[in-house]
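Chain by chain, the residues run as shown.
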Amino acid sequence: MDALVLTGLKQLEVKDYDKPAIKPDEVLVHTAFAGICGTDKALYAGLPGSASAVPPIVLGHENSGVVAEVGENVTNVKVGDRVTVDPNIYCGQCKYCRTQRQELCEHLDAVGVTRDGGFAEYFTAPAKVVYPIPDNVSLKPRP
Ligand SMILES: [Zn+2]
Ligand SMILES: [Zn+2]
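**Q** Go over the overall build of the chain with me, naming the residues and quoting the values.
**A** Looking only at helices and strands, one finds 1 helix and 10 strands in the chain. Listed N to C, the secondary structure of the chain is β-β-β-α-β-β-β-β-β-β-β in terms of helices and strands. What you see for the chain is a C-alpha radius of gyration of 15 Å, in line with the 15 Å of a compact globule of 143 residues. For the chain, the proportion of its 143 residues judged to be buried stands at 39%. Across the chain, every contact between residues at least 6 apart in sequence was considered, and the portion connecting residues at least 24 apart equals 66%. A distance of 7 Å separates the average location of the 14 positive side-chain charges in the chain from that of its 18 negative side-chain charges.

Written out as structure tokens, the structure is:
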């Protein structure tokens, strides 16, 4: 598949990547749209976003698409569902996560920041951050 990869400081390259494999609690999403956020500009320039991006990495954390595969433990979405993804994956264990202040999580993992994201034909995410969207909501973000 084609993936737009941040390969270094202010370096983006289209590369041929294998379609990513999913773990039992993950979802494979066939990307429809991936927004370009101010955070992507910061990551491109070598600045941290919600977390630091370490090249080589596929950016893109504001994504929509269609579920292509689900892991064996996934129950909230199924193949063919139209979905969007909350990029923020909180650890659930640190003092902030345990006191409902997840936005301060000490071990934040983020789709398109710390793990490969939506600037590719497919990307993966844990099912807990994947949300089905209704038929009357477009996969395309508003301008
Ligand atoms: Zn953003
Ligand atoms: Zn945490």
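**Q** I'd like to hear about the coordination of the zinc ion (ligand 1), residue by residue, with values.
**A** Working reference: metal with six octahedral donors, ideal angles 90 or 180 degrees; metal with four tetrahedral donors, ideal angle 109.5 degrees. Listed as protein donors to the zinc ion (ligand 1) are C37 (SG), H61 (NE2) and E62 (OE); their distances from the metal cover 2.0 to 2.3 Å. Binding-site remark: the zinc ion (ligand 1) is held by donors from one chain whose sequence spacing is C-x23-H-E. Within this pair, whereas C37 is found in the loop between β3 (26-34) and α1 (38-44), its partner H61 is found in the loop between β4 (57-58) and β5 (63-70), the two being separated by 24 residues in sequence. The buried category is assigned to C37, whose relative accessible area is 18%. Taking the relative accessible area as the measure of exposure, H61 reaches 8% and is therefore buried.

**Q** Please provide a residue-by-residue account of the sheet that holds strand β10 (residues 130-132), values included.
**A** Here we have 5 strands laid out as an open sheet, ordered β9-β3-β5-β6-β10, and antiparallel in their pairing. Every other strand in the sheet has two partners, leaving β9 (122-126) and β10 as the edge strands with one partner each. With strand direction ignored, the average angle separating the axes of adjacent strands in the sheet is 45 degrees. Pairing of β5 with strand β6 (residues 82-85) involves 3 bridges; the strand directions are antiparallel.

**Q** How would you explain the side chain of D40 if you had to name every residue and give the values?
**A** Looking at the element boundaries, D40 is found in helix α1. No salt bridge forms around the buried D40; measuring N to O, its nearest opposite-charge neighbour K41 is 9.5 Å away. Only 2.9 Å separates the side chain of D40 from the backbone nitrogen of C37, close enough to count as a polar contact.

**Q** Account for the pairing of β5, with residues named and values stated.
**A** Sheet topology note: the β3/β5 ladder contains 7 bridges and is antiparallel. Pairing of L28 across the sheet is with E69, part of β5.

**Q** Give me the lowdown on the coordination of the zinc ion (ligand 2), citing residues and values where you can.
**A** Looking at the zinc ion (ligand 2), the protein donor atoms are C91 (SG), C94 (SG), C97 (SG) and C105 (SG), and they sit 2.3 to 2.4 Å from it. Here the zinc ion (ligand 2) binds 4 donor atoms, and the angle range of 104 to 120 degrees at the metal identifies the geometry as tetrahedral. Binding-site remark: the zinc ion (ligand 2) is held by donors from one chain whose sequence spacing is C-x2-C-x2-C-x7-C. Comparing C97 with C105, the two get one shared label, buried.

**Q** Would you mind going over the environment of G117 in detail, with residue names and values included?
**A** Within the element layout of this structure, G117 appears in the loop between β8 (109-110) and β9. In the structure, G117 is positioned 114 residues away from A3 in sequence and 9.3 Å away in space, judged by C-alpha atoms. Non-local contacts of G117, meaning those with residues more than four positions away in its chain, are made with V58, L59, G60, V111, G112, Y122 and F123.

**Q** Tell me about the environment of L139, residues and numbers included.
**A** Of note, L139 is situated in the segment after β10. Judged by relative accessible area, L139 falls into the buried class, the value being 16%. Those residues in contact with L139 that sit more than four places away from it in its chain are A32, F33, S64, G65, V66, R82, V83 and I133.

Cut-offs used in this document
Residues numbered from 1 in each chain as written. Chains lettered and ligands numbered in written order. Predicted model: local features only at pLDDT ≥ 70, side-chain atom pairs only at ≥ 80, totals over all residues. Heavy atoms only, no water. Helix = DSSP H or I, 4+ residues; strand = E, 2+ residues; numbered from the N terminus. Rg over C-alpha atoms; globule rule 2.2 N^0.38 Å. Buried < 20%, exposed > 50% of the residue type's maximum accessible area, 1.4 Å probe, protein only. Contact = heavy atoms within 4.5 Å. Lys, Arg positive; Asp, Glu negative; His and termini not counted. Charge placed at Lys NZ, Arg CZ, Asp CG, Glu CD. Donors = N, O, S within 2.8 Å, 3.2 Å for Na, K, Ca; no water. Pairing = 2+ DSSP bridges. Axes fitted to C-alpha atoms, helices over the stretch in contact; angles between N-to-C directions. Salt bridge = Lys/Arg side-chain N within 4 Å of Asp/Glu carboxyl O. Polar contact = N/O pair within 3.5 Å; in protein donor to acceptor, adjacent residues only side chain to side chain. Tetrahedral: all angles 85-135°; square planar, octahedral: opposite > 155°, others 65-115°.

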